[in-house]
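Read off the chains here:
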Amino acid sequence: MRTFALLALLAISNLAFAAEKMTAPELIGLAQTHSAALPDAINATFSPKDLQEGTAWAGKGHDFFFALQSAAPPTLLIDNAPGPQMQALGAGGLWYAAARIEELGVLHAFDYRVAGAKFGGRLDLPAFGPDSYLEANVPSGTLSEKLMHTSKIYDGMKSEYWVYVPAGYDPKVPAALMVFQDGGGYIHRDGNNPALNVIDNLIARKKIPVMICVFINPGDVTDAPGTPTYRFVQAFADQWHRTLKDSMRSTEYDTVSDRYDRFLRDELLAEVAARYNLRKDAYSRAITGLSSGGICSLNAAWQMPGQFSRVISWIGSFTSIQWKEDPAIPDGGQDYPEKILREPARNIRVWLQDGSNDQENDRYGSWPLANIRMANALKLKNYDFHFSFGQGTHNAGHGAAEFPAEMIWLWRDYDSAKTSQTYEMEPAEKAKPLFRVTVTSREAR
């Protein structure tokens, strides 16, 4: 009787364990022990849609777990090379494989062959290196509760934001600053963009300075009807069939003007500076974002190089999203390569990232070609820049995977005793040719 009770308890525990979303090592552990809980664990971890479409995966460091629903036996390919053999789970058409991916800190890809045809897969499979996981004995800082700011520059727009204070912050010593657009996507340590882990690890290793990080979400103007900003944003939303919140984000991020930069300098960062001791020199200030947040970050440094001198742009939207929406603003994002070529040089350091499978949009243009044009303009004008171009889509995976390398590069040679530095192109970049393109989606002629 006691044995039966113990077995029943173990069965209940297994089912409860499997009912929660699991990590790749946990799933691999169940697979290695041939646990009866594995099917339930797979179904709890992945959505039916991802399982049916062959896009379900989980990863941690070198360890990856793949699963799919298929009537026919599938073959897994990782980076176009054969992966481990898929294993069947019963007669229900559920398959899985545990894999080890060696190269970390970069983007990988996977897909399947089912009945001789390509099926499913993802081009955005980040393999995070050790700097993306909080190391043992590295102290973690404190993330504030969600804060709210009401803008005057944007006529009553409300913006959510968080402030991250690292463990090494001393209120008596001014700290460096880094600002993150779409900030809510960076604050989860166990998510697909574990920026906080990277920041803590690199500060502890003295690869980057002690820095206050401000994570800002796009604003919301819903509660300010009748204001000039509301009317502009509503008209943009109506014209292009976008939501009011999405249109407010575009108005902030995609507009080639100094309005958002004044919002940062005069409102939100002034609010942060009232509570924390921030360095005021652009040499000690960085800004980053992805997609429209990418052009927003470059624009902030371009418009106000006295505020920011270090930029990271992932899958930046250097395209015509806000071009001519405001008749008083002549430039659009697509004009930035020419602005770099024709306007006075700014003393800024820029990391650009994009992928060959990024968007081609019939309204706004080509993201991959726009980023290649940006990189060539920066190179032709001898900027201190790096261009990381892969095969990814309009997705944060590539940028997040290499975020530790980006931060080390961006803050290399930083000296807290200095307040300025003239940035120069690295000798290794000087020795490289301009970027060239080839057509791979059609037959050559």
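So, here is what we can say about the structure in this document. (Residues numbered from 1 in each chain as written. Predicted model: local features only at pLDDT ≥ 70, side-chain atom pairs only at ≥ 80, totals over all residues. Heavy atoms only, no water.)

### Quick look at the overall build of the protein chain
Consideration 1: Helix and strand counts for the protein chain stand at 14 helices and 19 strands.
Consideration 2: Its C-alpha atoms give the protein chain a radius of gyration of 24 Å, within 12% of the compact-globule value 22 Å for 445 residues.
Consideration 3: When the backbone C-alpha atoms are referred to their principal axes, the protein chain occupies close to 75 × 65 × 55 Å.
Consideration 4: Within the span of the protein chain, comprising 445 residues, buried residues form 53% of the whole.
Consideration 5: Long-range pairs, those at least 24 residues apart, make up 71% of the contacts in the protein chain between residues at least 6 apart in sequence.
Consideration 6: Here the protein chain has roughly 20700 Å² of accessible surface; of this, 54% comes from carbon and sulfur atoms.
Consideration 7: Across the protein chain, the mean location of the 44 positive side-chain charges is 4 Å away from that of the 51 negative side-chain charges. (Helix = DSSP H or I, 4+ residues; strand = E, 2+ residues; numbered from the N terminus. Rg over C-alpha atoms; globule rule 2.2 N^0.38 Å. Buried < 20%, exposed > 50% of the residue type's maximum accessible area, 1.4 Å probe, protein only. Contact = heavy atoms within 4.5 Å. Areas by Shrake-Rupley, 256 points an atom, 1.4 Å probe, with all protein chains shown as cover. Lys, Arg positive; Asp, Glu negative; His and termini not counted. Charge placed at Lys NZ, Arg CZ, Asp CG, Glu CD.)

### Some details on the side chain of aspartate 200
Consideration 1: Turning to its location among the elements, aspartate 200 is positioned in helix H5 (residues 195-204).
Consideration 2: On the accessibility criterion, aspartate 200 (3% relative accessible area) is buried.
Consideration 3: A distance of 2.8 Å separates polar atoms of two side chains, one belonging to aspartate 200 and the other to tyrosine 164.
Consideration 4: Residue contacts for aspartate 200: discarding those within four places in its chain leaves Leu134, Val138, Pro139, Ser140, Gly141, Tyr164 and Arg189. (Polar contact = N/O pair within 3.5 Å; in protein donor to acceptor, adjacent residues only side chain to side chain.)

### Focus on the sheet that holds strand E2 (residues 63-69)
Consideration 1: Taken in spatial order, the 4 strands line up as E1-E2-E6-E5 in an open sheet, and their pairing is antiparallel. Looking at which strands have only one partner, the edges of the open sheet turn out to be strand E1 (56-60) and strand E5 (87-89). Pairwise comparison of adjacent strand axes, ignoring direction, gives a mean angle of 20° for this sheet.
Consideration 2: The sheet contact formed by E1 and E2 spans 5 bridges and is antiparallel. If you follow lysine 60 over to E2, its bridge partner there is aspartate 63.
Consideration 3: Packed on one face of the sheet, helix H2 (residues 24-32) meets E1, E2 and strand E6 (94-100) and runs near 70° to E2. (Pairing = 2+ DSSP bridges. Axes fitted to C-alpha atoms, helices over the stretch in contact; angles between N-to-C directions.)

### Quick word on the sheet that holds strand E3 (residues 74-78)
Consideration 1: What the 4 strands build is an open sheet, ordered E4-E3-E7-E8; its pairing is antiparallel. Each having just a single partner strand, strand E4 (81-82) and strand E8 (117-127) make up the two edges of the open sheet.
Consideration 2: Relative to E8, strand E7 (residues 106-114) runs antiparallel, the two sharing 7 bridges. Bridging across to E8, leucine 107 finds its partner in proline 126.

### As for the packing of H2 against helix H3 (residues 38-45)
When two helices pack together, their arrangement is given by the angle between their axes and by how far apart the axes lie.
Consideration 1: Running from N to C, H2 and H3 cross one another at 160°; their axes reach a closest spacing of 10 Å. Considering the angle they form, H2 stands roughly antiparallel to H3. The two elements H2 and H3 meet at a crossing, and its hand is left-handed. Note on element contacts: H3 touches H2 through Leu38, Ala41, Ile42 and Thr45, opposite Leu27, Leu30 and Ala31.
Consideration 2: Along the lines of polarity and charge, the residues of the contact of H2 with H3 split into 6 nonpolar, 1 polar and no charged. (Parallel < 35°, antiparallel > 145°, perpendicular 65-115°, else oblique. Left-handed = near helix turned anticlockwise from the far one by under 90°. Nonpolar A, V, L, I, M, F, W, Y, C, P; charged D, E, K, R; others polar.)

This is a description of form; function is not addressed.
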